[in-house]
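# Residue-level structural notes
So the chains spell out like this:
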Amino acid sequence: KFKADWDALVAAAKKEGKVNVFFSGAGPGFTKIGLDFEAAYPGIKAEITAISTASLFLPKIAQEREAGLYNWDVVQVQAPFALTKGTLRELGTLEPLRPLLIHPEVLNDKAWPGGFEKSWVDTDKKWAFAFSWQLIGLLWINTDMVKEGEIKTIKDLADPKWKGKITSADPRNHGQGFIPATIIAGRYGNDLLNKIWVDQEAVLSRDTRQITESLVRGKYAAAFGVTPADLQPFLDQGLGKNVKGLAIDSAAPLVRGIEYASKAPNPNAAKLFLNWFLSKDGATSWANNTLLNSRRIDAPVVDKLTWVDPNLNHPLVMDTEELMNKPLETAEYFKKIIP
(Lines give C-alpha, C1' and ligand atoms only; values in the text may rest on other atoms or scores of the structure.)
Protein backbone atom coordinates (compact mmCIF):
# COMPACT_ATOMS: atom_id res chain seq x y z
CA LYS A 1 0.00 0.00 0.00
CA PHE A 2 2.75 2.49 0.92
CA LYS A 3 4.68 1.82 -2.31
CA ALA A 4 1.60 2.45 -4.43
CA ASP A 5 0.83 5.66 -2.53
CA TRP A 6 4.45 6.78 -2.80
CA ASP A 7 4.65 6.09 -6.52
CA ALA A 8 1.45 8.08 -7.01
CA LEU A 9 2.92 10.97 -5.01
CA VAL A 10 6.10 10.98 -7.10
CA ALA A 11 4.06 10.96 -10.31
CA ALA A 12 1.89 13.85 -9.09
CA ALA A 13 4.96 15.81 -7.99
CA LYS A 14 6.55 15.35 -11.41
CA LYS A 15 3.44 16.79 -13.03
CA GLU A 16 3.86 19.92 -10.90
CA GLY A 17 7.52 19.98 -11.90
CA LYS A 18 9.01 22.08 -9.10
CA VAL A 19 9.06 22.87 -5.40
CA ASN A 20 9.82 26.29 -3.88
CA VAL A 21 11.75 26.13 -0.61
CA PHE A 22 12.93 28.87 1.75
CA PHE A 23 15.84 28.21 4.12
CA SER A 24 16.88 30.50 6.94
CA GLY A 25 20.62 30.54 6.36
CA ALA A 26 23.36 31.72 4.04
CA GLY A 27 25.87 29.99 1.83
CA PRO A 28 25.99 27.75 -1.24
CA GLY A 29 25.22 24.60 0.78
CA PHE A 30 21.49 25.26 0.72
CA THR A 31 21.40 25.28 -3.08
CA LYS A 32 23.29 21.98 -3.08
CA ILE A 33 20.47 20.43 -1.03
CA GLY A 34 18.16 21.27 -3.92
CA LEU A 35 20.56 19.63 -6.37
CA ASP A 36 20.58 16.45 -4.26
CA PHE A 37 16.77 16.38 -4.30
CA GLU A 38 16.72 16.86 -8.07
CA ALA A 39 19.17 13.98 -8.46
CA ALA A 40 16.89 11.76 -6.38
CA TYR A 41 13.77 12.82 -8.30
CA PRO A 42 14.66 13.86 -11.86
CA GLY A 43 12.09 16.08 -13.48
CA ILE A 44 11.31 18.09 -10.34
CA LYS A 45 13.15 21.40 -10.02
CA ALA A 46 13.99 22.52 -6.47
CA GLU A 47 13.92 26.32 -6.35
CA ILE A 48 15.93 27.11 -3.19
CA THR A 49 16.02 30.56 -1.60
CA ALA A 50 18.30 31.08 1.41
CA ILE A 51 18.41 34.31 3.42
CA SER A 52 20.67 34.65 6.45
CA THR A 53 17.85 35.57 8.83
CA ALA A 54 14.14 34.82 8.74
CA SER A 55 13.44 38.36 9.99
CA LEU A 56 14.04 39.49 6.38
CA PHE A 57 11.73 36.79 5.01
CA LEU A 58 8.69 37.62 7.13
CA PRO A 59 7.93 41.01 5.57
CA LYS A 60 8.56 39.54 2.12
CA ILE A 61 6.01 36.75 2.46
CA ALA A 62 3.54 39.11 4.17
CA GLN A 63 3.71 41.52 1.22
CA GLU A 64 3.27 38.65 -1.23
CA ARG A 65 0.20 37.40 0.59
CA GLU A 66 -1.34 40.87 0.63
CA ALA A 67 -0.90 40.91 -3.15
CA GLY A 68 -2.54 37.48 -3.46
CA LEU A 69 0.74 35.75 -4.34
CA TYR A 70 1.47 32.27 -2.99
CA ASN A 71 5.05 31.50 -3.95
CA TRP A 72 6.25 29.08 -1.27
CA ASP A 73 5.79 25.37 -0.66
CA VAL A 74 8.20 24.68 2.20
CA VAL A 75 9.68 27.14 4.68
CA GLN A 76 12.38 26.60 7.27
CA VAL A 77 12.39 29.27 9.95
CA GLN A 78 13.13 29.27 13.66
CA ALA A 79 10.31 29.08 16.19
CA PRO A 80 10.33 32.81 17.09
CA PHE A 81 9.61 33.62 13.43
CA ALA A 82 7.07 30.86 12.91
CA LEU A 83 5.12 30.42 16.13
CA THR A 84 5.09 33.67 18.08
CA LYS A 85 2.42 36.36 17.93
CA GLY A 86 2.32 38.17 14.61
CA THR A 87 4.45 35.63 12.75
CA LEU A 88 3.81 32.86 10.21
CA ARG A 89 1.38 30.63 12.07
CA GLU A 90 -0.81 33.44 13.39
CA LEU A 91 -0.84 35.12 9.98
CA GLY A 92 -2.22 31.96 8.40
CA THR A 93 0.93 31.40 6.36
CA LEU A 94 1.37 27.83 7.59
CA GLU A 95 -0.67 24.65 7.34
CA PRO A 96 -0.14 21.63 9.59
CA LEU A 97 2.90 19.66 8.52
CA ARG A 98 2.09 16.45 10.34
CA PRO A 99 -0.44 14.99 7.83
CA LEU A 100 2.18 15.22 5.08
CA LEU A 101 4.75 13.02 6.80
CA ILE A 102 4.18 9.48 5.54
CA HIS A 103 7.53 7.88 4.78
CA PRO A 104 8.49 5.01 7.17
CA GLU A 105 12.00 6.46 7.52
CA VAL A 106 10.52 9.73 8.77
CA LEU A 107 8.01 8.10 11.13
CA ASN A 108 10.58 5.70 12.58
CA ASP A 109 11.02 6.43 16.30
CA LYS A 110 14.54 5.01 16.24
CA ALA A 111 15.65 7.69 13.79
CA TRP A 112 15.04 10.59 16.19
CA PRO A 113 16.33 11.28 19.74
CA GLY A 114 13.42 10.55 22.07
CA GLY A 115 11.33 9.33 19.13
CA PHE A 116 9.17 10.96 16.47
CA GLU A 117 6.71 12.54 18.91
CA LYS A 118 9.46 14.37 20.78
CA SER A 119 10.75 15.92 17.57
CA TRP A 120 8.15 18.65 17.27
CA VAL A 121 9.09 22.26 17.90
CA ASP A 122 5.53 23.36 18.67
CA THR A 123 3.38 22.23 21.59
CA ASP A 124 0.58 21.13 19.23
CA LYS A 125 3.03 18.71 17.58
CA LYS A 126 1.93 19.48 14.04
CA TRP A 127 3.38 22.77 12.75
CA ALA A 128 7.18 22.56 12.88
CA PHE A 129 9.41 19.48 12.94
CA ALA A 130 12.87 19.67 14.52
CA PHE A 131 15.23 18.21 11.94
CA SER A 132 18.55 19.75 13.05
CA TRP A 133 20.17 20.81 16.29
CA GLN A 134 23.44 22.05 17.66
CA LEU A 135 24.90 22.95 21.03
CA ILE A 136 24.84 26.69 21.58
CA GLY A 137 26.04 28.80 24.48
CA LEU A 138 29.57 27.42 24.51
CA LEU A 139 32.11 29.10 26.77
CA TRP A 140 35.27 29.97 24.83
CA ILE A 141 38.62 30.15 26.61
CA ASN A 142 42.18 31.23 25.91
CA THR A 143 44.21 28.12 26.77
CA ASP A 144 47.29 30.25 27.48
CA MET A 145 45.37 31.72 30.42
CA VAL A 146 43.06 28.87 31.46
CA LYS A 147 44.68 25.57 32.35
CA GLU A 148 43.24 22.22 31.26
CA GLY A 149 40.36 21.28 33.57
CA GLU A 150 40.44 24.60 35.38
CA ILE A 151 36.89 25.39 34.26
CA LYS A 152 34.77 22.24 34.39
CA THR A 153 31.42 23.87 35.07
CA ILE A 154 30.13 27.36 34.45
CA LYS A 155 30.07 27.92 38.21
CA ASP A 156 33.88 27.93 38.12
CA LEU A 157 33.69 31.20 36.20
CA ALA A 158 32.48 32.89 39.40
CA ASP A 159 35.91 32.36 41.00
CA PRO A 160 37.40 35.80 41.90
CA LYS A 161 40.53 35.03 39.86
CA TRP A 162 38.51 35.55 36.69
CA LYS A 163 37.33 39.02 37.70
CA GLY A 164 37.90 41.43 34.83
CA LYS A 165 39.01 38.58 32.56
CA ILE A 166 35.62 37.77 31.00
CA THR A 167 34.11 39.33 27.89
CA SER A 168 30.63 38.67 26.57
CA ALA A 169 28.27 39.50 23.78
CA ASP A 170 25.76 41.92 25.26
CA PRO A 171 23.03 39.78 26.92
CA ARG A 172 20.59 42.69 26.78
CA ASN A 173 20.24 42.13 23.05
CA HIS A 174 19.22 39.27 20.77
CA GLY A 175 22.25 37.21 19.87
CA GLN A 176 25.24 35.35 21.20
CA GLY A 177 25.05 36.82 24.72
CA PHE A 178 21.59 36.14 26.02
CA ILE A 179 21.42 32.53 24.83
CA PRO A 180 24.12 31.16 27.22
CA ALA A 181 22.76 33.46 29.92
CA THR A 182 19.29 31.99 29.42
CA ILE A 183 20.66 28.47 29.69
CA ILE A 184 22.62 29.33 32.84
CA ALA A 185 19.59 30.99 34.43
CA GLY A 186 17.45 27.98 33.57
CA ARG A 187 19.88 25.65 35.30
CA TYR A 188 21.10 27.69 38.25
CA GLY A 189 18.90 30.77 38.61
CA ASN A 190 19.59 34.46 38.21
CA ASP A 191 22.06 34.64 41.10
CA LEU A 192 24.75 33.07 38.97
CA LEU A 193 24.09 35.61 36.22
CA ASN A 194 24.82 38.35 38.76
CA LYS A 195 28.02 36.66 39.90
CA ILE A 196 29.42 36.16 36.39
CA TRP A 197 28.30 39.29 34.55
CA VAL A 198 28.10 41.86 37.36
CA ASP A 199 30.42 40.79 40.18
CA GLN A 200 33.10 39.59 37.76
CA GLU A 201 32.78 42.84 35.78
CA ALA A 202 32.33 41.10 32.43
CA VAL A 203 33.08 43.45 29.54
CA LEU A 204 30.18 43.61 27.07
CA SER A 205 30.36 44.04 23.32
CA ARG A 206 27.96 43.81 20.38
CA ASP A 207 30.78 42.96 17.98
CA THR A 208 31.49 39.21 17.94
CA ARG A 209 34.62 39.70 15.84
CA GLN A 210 35.98 42.08 18.46
CA ILE A 211 35.18 39.53 21.18
CA THR A 212 36.97 36.83 19.24
CA GLU A 213 40.07 38.96 18.62
CA SER A 214 40.31 40.02 22.26
CA LEU A 215 40.29 36.36 23.29
CA VAL A 216 42.83 35.35 20.65
CA ARG A 217 45.21 38.12 21.73
CA GLY A 218 44.91 37.31 25.43
CA LYS A 219 43.09 40.41 26.58
CA TYR A 220 40.54 38.13 28.22
CA ALA A 221 40.65 34.56 29.49
CA ALA A 222 37.06 33.57 28.74
CA ALA A 223 34.29 34.76 26.45
CA PHE A 224 30.68 34.27 25.44
CA GLY A 225 30.01 35.21 21.84
CA VAL A 226 32.89 33.78 19.84
CA THR A 227 31.70 32.32 16.55
CA PRO A 228 33.59 29.84 14.35
CA ALA A 229 33.08 32.21 11.42
CA ASP A 230 34.86 35.00 13.30
CA LEU A 231 37.60 32.67 14.52
CA GLN A 232 38.43 31.20 11.10
CA PRO A 233 40.27 34.26 9.69
CA PHE A 234 42.63 34.17 12.67
CA LEU A 235 43.23 30.46 12.19
CA ASP A 236 44.00 31.12 8.54
CA GLN A 237 46.75 33.50 9.70
CA GLY A 238 48.18 30.93 12.09
CA LEU A 239 46.58 32.62 15.09
CA GLY A 240 43.77 31.50 17.38
CA LYS A 241 45.04 28.03 18.11
CA ASN A 242 44.94 29.07 21.76
CA VAL A 243 41.15 29.47 21.59
CA LYS A 244 38.96 26.54 22.57
CA GLY A 245 35.22 26.09 22.91
CA LEU A 246 33.95 24.29 26.00
CA ALA A 247 30.65 22.44 25.67
CA ILE A 248 29.90 22.55 29.39
CA ASP A 249 26.75 23.48 31.30
CA SER A 250 26.38 26.89 29.70
CA ALA A 251 25.47 25.04 26.51
CA ALA A 252 22.23 23.40 25.42
CA PRO A 253 20.72 22.19 22.15
CA LEU A 254 19.06 24.66 19.80
CA VAL A 255 16.73 23.10 17.24
CA ARG A 256 15.75 24.11 13.72
CA GLY A 257 12.24 23.42 12.54
CA ILE A 258 10.81 22.99 9.07
CA GLU A 259 7.26 24.00 8.11
CA TYR A 260 4.69 23.68 5.31
CA ALA A 261 3.34 26.83 3.67
CA SER A 262 -0.40 27.32 3.36
CA LYS A 263 -1.86 27.44 -0.16
CA ALA A 264 1.33 25.87 -1.47
CA PRO A 265 1.45 26.11 -5.28
CA ASN A 266 3.03 22.66 -5.57
CA PRO A 267 1.52 20.58 -2.75
CA ASN A 268 2.59 17.17 -4.05
CA ALA A 269 6.17 18.26 -4.72
CA ALA A 270 6.20 19.88 -1.28
CA LYS A 271 5.06 16.64 0.34
CA LEU A 272 7.70 14.68 -1.57
CA PHE A 273 10.45 17.15 -0.67
CA LEU A 274 9.53 17.14 3.03
CA ASN A 275 9.58 13.36 3.28
CA TRP A 276 12.86 13.18 1.38
CA PHE A 277 14.41 15.98 3.45
CA LEU A 278 13.51 14.26 6.73
CA SER A 279 14.72 10.86 5.52
CA LYS A 280 18.29 9.60 5.95
CA ASP A 281 19.24 10.80 2.47
CA GLY A 282 17.84 14.28 3.07
CA ALA A 283 19.44 14.51 6.50
CA THR A 284 22.78 13.48 5.02
CA SER A 285 22.43 16.15 2.34
CA TRP A 286 21.63 18.77 4.99
CA ALA A 287 24.63 17.84 7.14
CA ASN A 288 27.20 17.51 4.37
CA ASN A 289 26.15 20.68 2.56
CA THR A 290 25.52 23.07 5.46
CA LEU A 291 28.02 21.54 7.94
CA LEU A 292 25.24 21.63 10.56
CA ASN A 293 24.36 18.44 12.38
CA SER A 294 21.06 16.72 11.68
CA ARG A 295 18.89 15.37 14.50
CA ARG A 296 18.56 12.08 12.69
CA ILE A 297 20.60 9.51 14.56
CA ASP A 298 21.68 7.82 11.31
CA ALA A 299 23.00 11.03 9.72
CA PRO A 300 26.73 11.88 9.70
CA VAL A 301 28.20 14.06 12.45
CA VAL A 302 29.82 17.00 10.65
CA ASP A 303 30.54 19.33 13.58
CA LYS A 304 31.92 17.51 16.61
CA LEU A 305 32.14 20.65 18.76
CA THR A 306 28.40 21.38 18.59
CA TRP A 307 27.28 17.72 18.39
CA VAL A 308 24.40 16.88 20.71
CA ASP A 309 24.59 13.47 22.37
CA PRO A 310 21.20 11.87 21.54
CA ASN A 311 21.52 9.52 24.51
CA LEU A 312 21.37 12.35 27.04
CA ASN A 313 18.11 13.78 28.31
CA HIS A 314 18.33 17.50 27.65
CA PRO A 315 15.92 19.38 29.95
CA LEU A 316 16.56 22.64 28.08
CA VAL A 317 16.09 22.66 24.31
CA MET A 318 16.17 26.17 22.90
CA ASP A 319 13.89 27.55 20.19
CA THR A 320 11.05 25.22 21.03
CA GLU A 321 7.69 26.91 21.47
CA GLU A 322 7.80 26.05 25.16
CA LEU A 323 11.03 27.98 25.79
CA MET A 324 11.25 30.47 22.95
CA ASN A 325 10.30 33.47 25.12
CA LYS A 326 12.88 32.69 27.80
CA PRO A 327 15.77 34.55 26.09
CA LEU A 328 13.64 37.69 25.94
CA GLU A 329 12.97 37.37 29.67
CA THR A 330 16.72 37.02 30.24
CA ALA A 331 17.41 40.13 28.18
CA GLU A 332 14.90 42.11 30.22
CA TYR A 333 16.50 40.88 33.44
CA PHE A 334 19.93 42.09 32.28
CA LYS A 335 18.52 45.49 31.45
CA LYS A 336 17.65 45.78 35.14
CA ILE A 337 20.98 44.63 36.56
CA ILE A 338 23.26 46.28 33.98
CA PRO A 339 22.39 49.94 33.25
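None of the values given here were measured: they were computed from a predicted structure.

The next thing to look at is the packing of aromatic side chains. Following the criterion strictly, the structure yields 23 aromatic pairs and no others. Between the aromatic rings of Phe116 and Phe129, the centroid separation amounts to 5.3 Å while the plane-to-plane angle is 35°, which identifies the pairing as tilted. Residue Phe116 is located in the loop between α5 (104-107) and β5 (129-136), and its partner Phe129 is located in strand β5; the two are separated by 13 residues in the primary sequence. Here Phe116 falls in the buried class, since its relative accessible area comes to 6%. Here the aromatic cluster, defined as three or more aromatic residues joined through ring pairs, consists of Phe23, Phe30, Phe37, Tyr41, Phe131, Phe273, Trp276, Phe277 and Trp286. If you follow Arg295 out to its NZ or CZ, it ends over the ring of Trp133, 4.8 Å from the centre.

Below, the discussion takes up the pairing of β5. In terms of burial, β5 is largely enclosed, as 8 of its 8 residues are buried. As paired elements, β5 and strand β11 (residues 252-261) share 7 bridges and run antiparallel to each other. If you follow Phe129 over to β11, its bridge partner there is Ile258.

It is worth spelling out the packing of helix α6 (residues 178-188) against helix α12 (residues 326-337) at this point. At a minimum axis distance of 9 Å, the contact between α6 and α12 shows a crossing angle of 95°. Considering the angle they form, α6 stands roughly perpendicular to α12. Between α6, through Phe178, Ile179, Ala181 and Thr182, and α12, the contact on the second element is made entirely by Lys326, Pro327, Leu328, Thr330, Ala331 and Phe334. Residues of the contact of α6 with α12, tallied by class, amount to 7 nonpolar, 2 polar and 1 charged.

Bringing the pattern of salt bridges into the picture now. Scanning the model with the defined rule gives 16 salt bridges in all. Here Asp170 makes a salt bridge to Arg206, at a shortest N to O gap of 3.7 Å. Of this pair, Asp170 sits in the loop between β7 (166-169) and α6 while Arg206 is found in the loop between β8 (203-205) and α8 (208-216), placing the two residues 36 residues apart along the sequence. What makes Arg206 exposed here is its relative accessible area of 69%. Each of the salt bridges in this network shares a partner with another, and the network as a whole consists of Asp170, Arg172 and Arg206.

Let us look at the side chain of Ser24. By secondary structure assignment, the location of Ser24 is in strand β1 (residues 18-24). Among the residues examined, Ser24 registers a relative accessible area of 8% and is labelled buried. Setting aside its immediate chain neighbours within four residues, Ser24 contacts Phe30, Ile51, Ser52, Thr53, Ala54, Gln76, Val77 and Arg256.

Glancing now at α8. Among all positions of α8, only Ile211, Thr212, Ser214, Leu215 and Val216 are buried. Buried residues along α8 sit against β6 (139-142), β7, β8, β9 (222-224), α9 (228-236) and β10 (243-246). Put simply, Asp207 is the residue that caps the front of α8, since its side-chain oxygen is 3.0 Å from the backbone nitrogen of Arg209.

Our next topic: the sheet that holds β6. One open sheet holds the 5 strands; their spatial order is β8-β7-β9-β6-β10, and the pairing between them is mixed. Each edge of the open sheet carries a strand with a single partner, namely β8 and β10. Averaged over neighbouring strand pairs, the angle between their axes works out to 25° when direction is ignored.

This brings us to the nonpolar core. Here is a general trend for soluble globular proteins: nonpolar side chains tend to be buried in one another's company. The biggest cluster of nonpolar side chains holds 38 residues, and the ones touching the most others in it are Phe273 and Phe277. Counting residues per element, the ones that place at least two in this core are α1 (2-16), β1, α2 (29-40), β2 (45-51), β5, β11 and α10 (267-277). For this core, the element with the highest residue contribution is α10, accounting for 7 residues. Apart from residues no more than four positions distant in its own chain, Phe277 is found in contact with Phe23, Ile33, Phe131, Ile258, Gly282, Ala283 and Trp286.

This part takes up the packing of α2 against α10. α10 packs onto α2 with a crossing angle of 105° between their chain directions and a minimal axis gap of 11 Å. Between α2 and α10, the angle falls in the class roughly perpendicular. On α10, the residues that touch Ile33, Asp36, Phe37 and Ala40 of α2 are Leu272, Phe273, Trp276 and Phe277. Across the contact of α2 with α10, the residue classes break down as 7 nonpolar, no polar and 1 charged.

Here is what the cut-offs are and how they apply
Residue indices begin from 1 for each chain and proceed along its sequence in written order. Reporting in this predicted model follows two pLDDT cut-offs: at least 70 for local features of residues, and 80 or more for side-chain atom pairs to be given and counted; totals over whole chains, interfaces and linings ignore these cut-offs and use all residues. Hydrogens are left out, water is left out, and the side-chain values use all remaining heavy atoms of the structure. Pairing of aromatic rings covers Phe, Tyr and Trp, the last counted by its six-membered ring, and requires centre-to-centre distances within 6.5 Å; plane angles under 30 degrees mean stacked, over 60 mean edge-to-face, and any other angle means tilted. A run of H or I in DSSP becomes a helix once it reaches four residues, and a run of E becomes a strand once it reaches two; helices and strands are each numbered from the N terminus. Relative accessibility thresholds used throughout: buried, under 20% of the residue-type maximum; exposed, over 50%; partly exposed, between the two (1.4 Å probe, protein chains only). Our definition puts a charge over a ring when NZ of Lys or CZ of Arg is within 6 Å of the ring centre and also within 35 degrees of the ring normal. Two strands qualify as a pair provided DSSP detects at least 2 bridges between them. Between N-to-C directions, angles span 0 to 180 degrees; the directions come from axes that are lines fitted to C-alpha atoms, helices contributing only their stretch in contact. Just so you know how the angles are binned, under 35 degrees is roughly parallel, over 145 roughly antiparallel, 65 to 115 roughly perpendicular, and the rest oblique. Contacts between residues were defined by any pair of non-hydrogen atoms, one from each residue, lying within 4.5 Å. Lys, Arg, Asp and Glu make up the charged group, whereas Ala, Val, Leu, Ile, Met, Phe, Trp, Tyr, Cys and Pro make up the nonpolar group; the residues left over, Gly among them, are polar. Salt bridge, as used here, is a side-chain nitrogen of Lys or Arg placed within 4 Å of a carboxyl oxygen of Asp or Glu. In protein, a polar contact means a hydrogen-donor-capable atom and an acceptor-capable atom, both N or O and within 3.5 Å, with residues adjacent in sequence counting only if both atoms are side-chain atoms; elsewhere, any N or O pair within 3.5 Å suffices. For our purposes a nonpolar core is just a set of buried Ala, Val, Leu, Ile, Met, Phe, Trp, Tyr and Cys residues, chained together by side-chain atoms within 4.5 Å.

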